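# Chain and residue survey
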Amino acid sequence: MAKGLGKGINALFPDIEEKHDDVIEEIAIKDCRPNPYQPRKTFHADAIEELKESILEYGIIQPLIARKSIKGYEIVVGERRFRAAKEAGLESIPVIIKELTDEKMMELALLENLQREDLTPIEEAHAYANLMNELKITQEELSKRLGKSRSHIANMIRLLSLPEQVIAYINNGELSMGHGRALLGLKDKTKLQAVVQRIRKEKLNVRQVEKLIIQLNERPVQKKEKPKKDLFIKERETFLRERFGTAVSIQRGKRKGKIEIEFYSDDDLQRIIETLEN
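We now turn to the structure provided with this report.

### Some points on the packing of helix H6 (residues 139-146) against helix H7 (residues 150-158)
If you want to describe how two helices pack, look at the angle between their axes and the distance between the axes. At their nearest, the axes of H6 and H7 sit 8 Å apart, and the two run at 120° to each other. By the criterion of interaxial angle, the relationship of H6 to H7 is oblique. Helix-helix and strand crossings are classified by hand; for H6 and H7 the assignment is right-handed. Only Arg 150, Ile 153, Ala 154 and Ile 157 of H7 make contact with H6, whose side of the interface consists of Gln 139, Glu 140, Leu 142 and Ser 143. Considered class by class, the residues forming the contact of H6 with H7 number four nonpolar, two polar and two charged.

This is the structure:
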């Protein structure tokens, strides 16, 4: 599972940091709604339940951040606390109101997801990719701003190039990030699904998969041998090559065949045509 990502939200958006003079308001839960740009749609019920129990015992320790909208307030940071507070039956929640654009709302939603400690590798990879796309920055720039190595970010994003079914296995925990990284090294992609099924069936660990990939990559790829031409075809090819003074190939199929005569310039083509006419 992904852990807190280094510098966090304040590194990218210092203007969102809570200040001592920020006013904390009690806002009715019925007037609040989730961030419309929230990229994550699934919230684990057990995590919400655990947070609900904590809120019932200790209250909401850290206020949420929201922006005023036509229909009330939109949660910018703290959607899990918002959901847990609703489950706990609270009528109001502590909120700091900020003025934010739609773009900033989207960016902060992505960052909040990165700050969670229970992100799957795929969710983390998507968050990195989305951040680079939304902020128009490179992996190197994102690395510096988040305090994560560029290689880590690159390796996470590479997981998104795996087939959808493999991504799903990583997302639901059947395969680990290590499994995914090992699978990326498989040269013959036609063997990928078979390897994945073997991992799941035999419960192979990452080290075992890495060894298996090395073995598969070391095996020479068997090339299909071209069917040998019979003696008659070979003789005809030789005759035509000598006749036209260029490479000639005869291919005979079940129903029809074809003759390919190569030429290298317009003059060469004209020479071959004149030979055919004679």
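### As for the packing of aromatic side chains
Across all of its chains, the model carries zero aromatic pairs by this definition. A cation over a ring is seen here: Lys 68 above Tyr 73, with NZ or CZ 5.1 Å from the ring centre. Stacked on the ring of Phe 239, the Lys or Arg Arg 236 has its end atom at 5.5 Å from the ring centre.

### What about the sheet that holds strand E3 (residues 64-69)?
Across the sheet, which stays open at both edges, the five strands sit in the order E1-E5-E3-E4-E2 with mixed pairing between neighbours. Of all strands in the sheet, those with a lone pairing partner are strand E1 (24-28) and strand E2 (32-33), marking the two edges. Packing against the sheet, helix H3 (residues 79-87) makes contact with E2, E3, strand E4 (72-77) and strand E5 (92-97), and its axis sits at approximately 125° to E4.

### A closer look at the environment of Leu 90
Here Leu 90 lies in the loop between H3 and E5. The exposure class assigned to Leu 90 is partly exposed, which follows from its relative accessible area of 32%. Separated by 35 residues in the primary sequence, Leu 90 and Ile 55 place their C-alpha atoms 9.3 Å from one another. Once residues within four sequence positions are removed from consideration, Leu 90 is found in contact with Ile 29, Ile 55, Ile 60 and Ala 85.

Rules and cut-offs
- Residues numbered from 1 in each chain as written.
- Predicted model: local features only at pLDDT ≥ 70, side-chain atom pairs only at ≥ 80, totals over all residues.
- Heavy atoms only, no water.
- Axes fitted to C-alpha atoms, helices over the stretch in contact; angles between N-to-C directions.
- Helix = DSSP H or I, 4+ residues; strand = E, 2+ residues; numbered from the N terminus.
- Parallel < 35°, antiparallel > 145°, perpendicular 65-115°, else oblique.
- Left-handed = near helix turned anticlockwise from the far one by under 90°.
- Contact = heavy atoms within 4.5 Å.
- Nonpolar A, V, L, I, M, F, W, Y, C, P; charged D, E, K, R; others polar.
- Phe/Tyr/Trp six-rings, centres within 6.5 Å; stacked < 30°, edge-to-face > 60°.
- Lys NZ or Arg CZ within 6 Å of the ring centre and 35° of its normal.
- Pairing = 2+ DSSP bridges.
- Buried < 20%, exposed > 50% of the residue type's maximum accessible area, 1.4 Å probe, protein only.

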